[in-house]
Structures are given as C-alpha cells and as structure tokens.
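Per-entry structural report
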Amino acid sequence: MKAHSFALSVGLSAVALALGCGDYGSGDVTAPDPVPTPKTTVAQSGDVAAQVAAFGLAIGDVNNKGEPGLHAAGRREINWDGVPAQFTNTDAFPGNFFNQNSTRGAVYSVSNGTGLRVSDDGFTDVNQTYASEFVPFSTPRLFAPTGTNQSEITFRIPGSDTAAAVRSFGAVMVDVDKANTSRLRAYDKENRLIADVPAPARSAPTAFSLVGVTFDQPVIARVVLTLGEAPIGAGIDDLSYGGLVDLVVLDDFLYSEPQPIQ
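These numbers come from a predicted model, not from an experiment. (Residues numbered from 1 in each chain as written. Predicted model: local features only at pLDDT ≥ 70, side-chain atom pairs only at ≥ 80, totals over all residues. Heavy atoms only, no water.)

**What to know about the overall build of the chain**
A count of helical and extended segments in the chain gives three helices and 14 strands. Classification of the 262 residues of the chain by burial places 46% in the buried group. Here the analysis covers contacts within the chain between residues at least 6 apart in sequence; of these, 74% occur between residues at least 24 apart. Counting every atom, the chain has about 12100 Å² of accessible surface; 54% of that belongs to carbon and sulfur. (Helix = DSSP H or I, 4+ residues; strand = E, 2+ residues; numbered from the N terminus. Buried < 20%, exposed > 50% of the residue type's maximum accessible area, 1.4 Å probe, protein only. Contact = heavy atoms within 4.5 Å. Areas by Shrake-Rupley, 256 points an atom, 1.4 Å probe, with all protein chains shown as cover.)

Laid out in structure tokens, this is it:
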C-alpha cells in the first residue's frame, strides 16, 4: 500500500511539474522577453562638446527638432533655450511641454517633488550662492526638478499620446562633484532596469559630465536621472561653496527618434 501511494505521489508531482513549466510557444505560456543589454554606454567629463556632437550623430544623423509625428530615423534634442518666458524661472514648467508645445516626444515628471524648473539665471533666484556654480552647456537655460533630485522621462510619438520607446538617450549634467551620486537609469516597457550609468565627477575647471546609453533596438521606455545628493533650494548650498551636499542640474538631452512600443 505504501509503495502504491509513493508511486501515485511521484506521478502526480511529475504531471504538476510538466503543467507548471509549460512549453513556451505552445500558446498557453509566453516566454518573457530577454532583458536587453546595452550596446554602448558613455560616461565622460570635462569639455564634452565633441562627445555630445559625436553621440548625437551616432544615434541619428538628422535632428528632427520639433517636427510632429513618427519618423523612421533620426534624433531629437532638447536644450531648454527656446522655452518661453512664462515657463522660465518658475516651478510650474509643464511636464508635457516637449510633447505638445514643442513636439519632441518627451514627457517629464518628478517623484515626491514639487515641480520642474527651467532657469535663465543659473538658479540664482532660488539661491544666490549658485551664481558661480551652474554654468550652462548651451546658453542661457538650465533645467532641474524641484523638491527632489530625481527627474523621470517617458516617451511618446511626438505630438501624440502614443507611448513610445527610444534606442539611445544621453544627458549633460552640470557640476557633478562626486562620482557615483548622479546617474542615468533606463527601464524597458516591463519596468525592468536595463542600464545604470553613473556620471563621472567633473574635470575642473569644466563643469560638465555626459552620460548616455545605446541599445540595438528601441527598448528604453523610461529614464530616471538622479542628480547629486539633494535638490536645489534656498538654504541648500553645494559642497563647492561651503555646503554639505553635491548639487547637480541638467542641460542638453539627446535621444533617438521615439518609436511605438512593441
């Protein structure tokens, strides 16, 4: 009796295991997509003008600027310098500005923050100690989240609500004083972390660091940029000027043409 029970138990276990494992492609169980692997990453500091230009050409030799709609190839760039006065030097910069007002397919948000701010005075209206700290890569405007040191970007087919993904993304960070505090993290459509690129500390006297990542296919559905150790703000001074934390802001963004998420 015990032998028969053991045989029955083993048989049921084998059936359950076979059913649980399934056969990927049979129609009953779908195999998860493999986690994408970056083709290249970029982490440069110093005078990064040449590297920024090379990164842009590598991801798309045509800058599609603010042309709405789907383009098969090319790239988009954001340098903040065309942002109008009503959206400058205020925490109320609209997160969808670069998908609706200037159709480049990028939507911004912040987590646990108070807003987004484009500045044409180096954020000195926020804190006077920033006068000699944040130097624009492209004059005159800079960008930063407020109330948080993280900014999130998702993608759309420019001028539409259609979710999209990009193959490449790069950002110029300003005044990275500490390595491994600022970084670019990229996520795929399943919200899996697929790239984590730390920004190198700036090379004095130049204030700029370039971080970027490229994949073979448009798999980047979301980018999270971590900027230093704290958000900019009144009473929050950078460690270079007597403060206790590394403060970092943003300038140019470059990314490949957004494509529909597959």
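**Section: the pattern of salt bridges**
Any two side chains of opposite charge can pair if their charged atoms end up close together. Tallying each qualifying case throughout the model produces 14 salt bridges. A salt bridge links Glu229 to Lys178, with the nearest nitrogen and oxygen atoms 3.0 Å apart. Taken together, the residues Glu229 in the loop between strand S12 (222-226) and strand S13 (249-256) and Lys178 in the loop between strand S8 (168-174) and strand S9 (183-187) connect sequence positions 51 residues apart. By sharing partners, the salt bridges in this structure join Asp91, Arg117 and Asp125 into a single network. (Salt bridge = Lys/Arg side-chain N within 4 Å of Asp/Glu carboxyl O.)

**Let's talk about the side chain of Arg75**
Mapped onto the secondary structure, Arg75 falls in strand S2 (residues 75-78). For Arg75, the side chain forms a polar contact with the main-chain oxygen of Gly60, separated by 2.5 Å. At 2.7 Å, the side chain of Arg75 and the side chain of Glu77 are in polar contact. Excluding its chain neighbours within four sequence positions, the residues that come into contact with Arg75 are Gly56, Leu57, Ile59, Gly60, Asp61, Val62, Asn63, Asn64, Lys65, Tyr255, Ser256 and Glu257. (Polar contact = N/O pair within 3.5 Å; in protein donor to acceptor, adjacent residues only side chain to side chain.)

**A closer look at the packing of aromatic side chains**
Counted by the stated rule, this structure contains 20 aromatic pairs. On the basis of an interplanar angle of 75° and a centroid distance of 6.1 Å, the ring pair of Trp80 and Phe93 is categorised as edge-to-face. With Trp80 in the loop between S2 and helix H3 (97-100) and Phe93 in the loop between S2 and H3, the pair connects residues that are 13 residues apart, well separated along the chain. Across the pair, Phe93 and Trp80 agree in class, each one buried. Here a set of aromatic residues connected by ring pairs shows up, and it is made of Trp80, Phe87, Phe93, Phe97, Phe98, Tyr108, Phe143, Phe155, Phe169, Phe253 and Tyr255. The residue whose ring lies beneath Arg222 is Tyr187, and the NZ or CZ to ring-centre distance is 4.2 Å. (Phe/Tyr/Trp six-rings, centres within 6.5 Å; stacked < 30°, edge-to-face > 60°. Lys NZ or Arg CZ within 6 Å of the ring centre and 35° of its normal.)

**What to know about helix H2 (residues 49-59)**
Taken together, the buried positions of H2 are Val52, Phe55, Gly56 and Ile59. Projected onto a plane normal to the axis of H2, the buried residues spread over an arc of 100° and lie on a single side. Away from the buried face of H2 by more than 90 degrees, exposed residues Ala50, Leu57 and Ala58 are located. Residues of H2 that are buried in the fold lie against strand S1 (40-45), S2, S8, strand S11 (208-214) and S13. (Arc of directions from axis to C-beta.)

**Structural notes on unusual backbone geometry**
The omega torsion of the bond from Thr139 to Pro140 falls at 5°, within 30 degrees of zero and hence cis. As for its position among the elements, Pro140 is in the loop between strand S4 (115-119) and strand S5 (142-146). A cis geometry characterises the amide bond from Ala204 onward to Pro205, with omega recorded as 5°. Secondary-structure assignment places Pro205 in the loop between strand S10 (193-198) and S11. Positive phi, close to 70°, is recorded for Trp80, a residue that is not glycine. Judged by relative accessible area, Trp80 falls into the buried class, the value being 1%.

**Quick look at the confidence of the model for the chain**
The pLDDT averaged across the chain works out to 90; a share of 89% of its residues lies at or above 70. The low-confidence segment residues 1-24 (pLDDT under 50) makes six contacts with residues lying over four places distant or belonging to another chain. (pLDDT = per-residue confidence, 0-100.)

**What about the pairing of S9?**
Among the five residues that make up S9, four are buried, leaving the element largely enclosed by the rest of the structure. Pairing of S9 with S10 involves five bridges; the strand directions are antiparallel. Among the inter-strand pairings, Tyr187 is bridged to a residue of S10, identified as Leu193. Count of turn residues in the S9/S10 antiparallel hairpin: five residues, of which Asn191 carries a positive phi of about 65°. (Pairing = 2+ DSSP bridges.)

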